[in-house]
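A structural walkthrough
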Amino acid sequence: MKKKLFALALALVMALALAACGGGGTTGGGDASTGGENSGGGVSARIALITMDQMDVHWVRLKDAAQAKVDEYNAAGNSLDMQWLAPETKDNAQQIEMINTAIANNAEYIIIACNDATSCNNALQEAVSMGAQIIYVDAPATLPAAATYATDNYAGGVQAGEYMLNVLTEAGLTEGTIGIVDAQPGVDSCENRFQGFASVFEGTGFTIGERQYSDGDNSKAQEIANTLINNGVIAIYGTNDGATNGAAAAVADAKANGMNIYCVGWDKSDSNIAHVESGELLAFMAQNPQVMGADAIDAVVELASGTDLGGVVVDTGVSTIDITNVEEAKA
């Protein structure tokens, strides 16, 4: 059985955090030496929010929730300043540049969703050495942090796979190839979603196709899905919003031509909701980016108030959205 990659990554984060407790506060999980009280008795903090990109609605929702929480705290007499930094597309080098910008701007707290588990470690360690504390949202790195609020993407992938297998079984299918429309190579969250999904089909008559990368772009994902359909796949799995949206659009075209292709994917967006309502997308796995964003700002305030969060890791959950509950997802 494949190990749950997400769980391993988080376990490593926690283990490293414990090992670092005697290391003189050299990690993001150390004592709260940044931020502090403002003249009105509230806390003050300079915050950098760094996401994987700026085009995915998932990150926009996370950012909006974080900003709403900042506004709420400021209205109550605190002084929080948050800057959203994000590459145009998922790119390790660009994300490292965002961290360097946060350092240059004297960010005291860096809330970050890392493209992968290790590429940002050196830059984040530099930020920590300058006095910043790290909070992970959505996707952690292996460098210890003050807190992590993220989806268990492997478990979510299993959830998606079980849904797909149930659909195929109910349709009387016992074999065939399932096409994979992915985002970018090396993105840990999508890697875990794929591995979890694929694990469900081990020992069955179904074949998991080679991963095809769309860069999270809807149009490119649709082109890839069209090719997969023409090559005879019976179903398609999308690992993020753009990949799922494009795949569902291709499935809609196929249905218009009398073909029945099953499609399951990831991430809540207006487009994916519409695809579920129209029937070309059977279900998507909905994360809780609003919870991630709000909880991360709560963590900043606790840290700035002197609370040691102890490297806490919180699974923010995944919900399956299909035709039975899609109306609720619009809220």
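Above: the structure in question.
No experiment lies behind these values; they were computed from the predicted model shown.

**With respect to the packing of aromatic side chains**
- One pass over the structure, following the stated rule, counts three aromatic pairs.
- Arranged with centres 5.1 Å apart and planes meeting at 45°, the rings of Phe197 and Phe201 form a pair that is tilted. The same class applies to Phe197 as to Phe201, namely buried.
- Summarising the aromatic geometry, the rings of Phe201 and Phe206 are spaced 5.9 Å apart at their centres and angled 85° between planes, so their arrangement reads as edge-to-face. Summarising the burial analysis for this pair, Phe201 and Phe206 share the class buried.
- Counting every residue linked through ring pairs, the aromatic cluster contains Phe197, Phe201, Phe206 and Tyr237.
- We note Arg193 situated over the ring of Trp266; from NZ or CZ to the ring centre the distance is 4.0 Å.

**Some points on empty space enclosed by the protein**
- Across all of its chains, the model carries two cavities of 30 Å³ or more by this definition.
- If you trace the largest cavity, you find it lined by Met52, Asp56, His58, Trp59, Lys90, Asp138, Ser189, Cys190, Arg193, Asn240, Asp267 and Gln287.
- Put simply, the parts of the chain that give the lining of the largest cavity at least two residues each are α2 (57–75) and α6 (188–200).
- It is α6 that provides the largest number of residues to the lining of the largest cavity, a total of three residues.
- Here the residues of the lining of the largest cavity are counted per class, giving three nonpolar, four polar and five charged.
- Taken as a whole, the second largest cavity spans an internal volume of roughly 40 Å³.
- Forming the walls of the second largest cavity are His58, Arg61, Asp267, Lys268, Gln287 and Pro289.

**Details of the sheet that holds strand β10 (residues 262–266)**
- Spatially, the six strands line up as an open sheet ordered β8-β7-β9-β10-β11-β13, and their pairing is mixed. Bordering the open sheet on either side are β8 (206–213) and β13 (319–322), each of which pairs with just one other strand. Across the sheet, the mean angle separating the axes of adjacent strands is 20° when strand polarity is ignored.
- Across four bridges, the pairing between strand β7 (residues 176–182) and strand β9 (residues 235–238) is parallel. Its bridge partner being in β9, Ile180 is matched across the sheet by Tyr237.
- In the packing of α6 onto the sheet, contacts are made with β7, β8, β9 and β10, and the angle to β8 comes to roughly 170°.
- Its contacts with the sheet put helix α8 (residues 241–256) on β7, β9 and β10, and the angle it makes with β10 is roughly 160°.

**Some points on the side chain of His275**
- Along the chain, His275 turns up in helix α9 (residues 270–278).
- For His275, the residues in contact, after removing those within four places along its chain, are Asn245, Ala248, Ala249, Glu280 and Leu281.

**Re the pattern of salt bridges**
- Per the stated rule, a full pass over the model turns up eleven salt bridges.
- Of the charged contacts in the structure, one is a salt bridge between Glu72 and Lys69, with a shortest N-O distance of 3.8 Å. Taken together, the positions of Glu72 and Lys69, both in helix α2 and three residues apart, correspond to about one turn of that helix.
- On the basis of relative accessible area, Lys69 is assigned to the buried category, the value being 17%.

**Side note on the packing of helix α5 (residues 153–170) against α6**
- Where α5 contacts α6, the two axes come as close as 6 Å, and the packing angle between them is 40°. Relative to α6, the element α5 lies oblique. As α5 packs across α6, the resulting crossing turns out to be right-handed. Together, Asn153, Tyr154, Gly157, Val158, Ala160, Gly161, Glu162, Met164 and Leu165 of α5 and Ser189, Asn192, Arg193, Gln195, Gly196, Phe197, Ser199 and Val200 of α6 make up the contact between the two elements.
- Grouping the constituent residues of the contact of α5 with α6 by class yields seven nonpolar, eight polar and two charged.

**Topic: α6**
- Look at α6: 19 Å from first C-alpha to last across 13 residues, which is about the 18 Å you get at 1.5 Å a residue.
- α6 sits mainly inside the fold: eleven of its 13 residues count as buried.

**Considerations on α8**
- Helix length check: α8, at 16 residues, gives a terminal C-alpha distance of 23 Å against a target of 22 Å (1.5 Å per residue), a fit within 8%.
- Judged by how many residues are buried, α8 sits mostly within the fold: twelve of 16 residues are covered.
- Of all the positions in α8, only Asp241, Gly242, Ala243, Thr244, Asn245, Gly246, Ala247, Ala248, Ala249, Ala250, Val251 and Ala254 are classed as buried.
- Against α2, β7, α7 (218–230), β9, β10 and α9 lie the buried residues of α8.
- Sitting at the head of α8, Asn240 places a side-chain oxygen 3.4 Å from the backbone nitrogen of Gly242.
- A positive backbone phi angle near 85° is found at Gly258, which sits one or two residues after α8.

**Some details on the nonpolar core**
- The biggest cluster of nonpolar side chains holds 33 residues, and the ones touching the most others in it are Ile47, Leu80, Ile111, Ile135 and Ile297.
- Secondary structure elements with two or more residues in this core: β2 (43–50), α2, β3 (79–85), β4 (109–112), β5 (133–138), β6 (147–150) and α10 (289–304).
- The element that contributes the greatest number of residues to this core is α10, accounting for eight residues.
- Counting residues in hydrophobic clusters, the runner-up holds 24 residues, among them Ile236, Ala248, Ala250 and Ala329.

Here is what the cut-offs are and how they apply
Per-chain numbering applies: the sequence of each chain, read as written, is numbered from 1 onward. Per-residue local features are limited, in this predicted model, to residues with pLDDT of at least 70; the limit for side-chain atom pairs, both in listing and counting, is 80 or more; totals at the level of whole chains, interfaces and linings are taken over all residues. Remark: hydrogens and water are excluded; side-chain values derive from all non-hydrogen atoms of the structure. Pairing of aromatic rings covers Phe, Tyr and Trp, the last counted by its six-membered ring, and requires centre-to-centre distances within 6.5 Å; plane angles under 30 degrees mean stacked, over 60 mean edge-to-face, and any other angle means tilted. Remark: exposure states derive from per-residue accessible area (1.4 Å probe, protein chains only) relative to the maximum for the residue type, with buried under 20%, exposed over 50%, and partly exposed in between. Geometrically, a charge over a ring is one whose NZ (Lys) or CZ (Arg) sits within 6 Å of the ring centre while staying within 35 degrees of the ring normal. A cavity here means a set of 1 Å grid points, computed over protein atoms only, where a 1.4 Å probe fits but cannot escape. A pocket is an open set with protein on both sides within 12 Å along at least 5 of 7 lines, and lining residues have an atom within 4 Å of a point. Grid points are joined across faces, edges and corners, and a volume is the space filled by probe spheres set on the points. Secondary structure elements are taken from DSSP: a helix is a run of H or I of four residues or more, a strand is a run of E of two residues or more, and numbering for both begins at the N terminus. Residue type decides the class: Asp, Glu, Lys and Arg count as charged, Ala, Val, Leu, Ile, Met, Phe, Trp, Tyr, Cys and Pro as nonpolar, and the leftover types, Gly among them, as polar. A pair of strands counts as paired when DSSP detects no fewer than two bridges linking them. Only C-alpha atoms enter the line fits that serve as axes; for helices the fit covers just the stretch in contact. Angles between N-to-C directions range over 0 to 180 degrees. Should any heavy atoms of two residues lie within 4.5 Å, those residues are considered in contact. The salt bridge definition used is simple: a Lys or Arg side-chain nitrogen within 4 Å of an Asp or Glu carboxyl oxygen. Here the angle decides the label: under 35 degrees means roughly parallel, over 145 means roughly antiparallel, 65 to 115 means roughly perpendicular, and every other value means oblique. When the near helix sits turned anticlockwise from the far one by under a right angle, the crossing is termed left-handed; a clockwise turn instead gives a right-handed crossing. The span one expects for a helix is its residue count, reduced by one, times 1.5 Å. A 3.5 Å cut-off defines polar contacts: any pair of N or O atoms within that distance qualifies, except that in protein one atom must be a possible hydrogen donor and the other a possible acceptor, and neighbouring residues in sequence count only when both atoms are side-chain atoms. What is meant by a nonpolar core is a set of buried Ala, Val, Leu, Ile, Met, Phe, Trp, Tyr and Cys residues, joined one to another through side-chain atoms within 4.5 Å.

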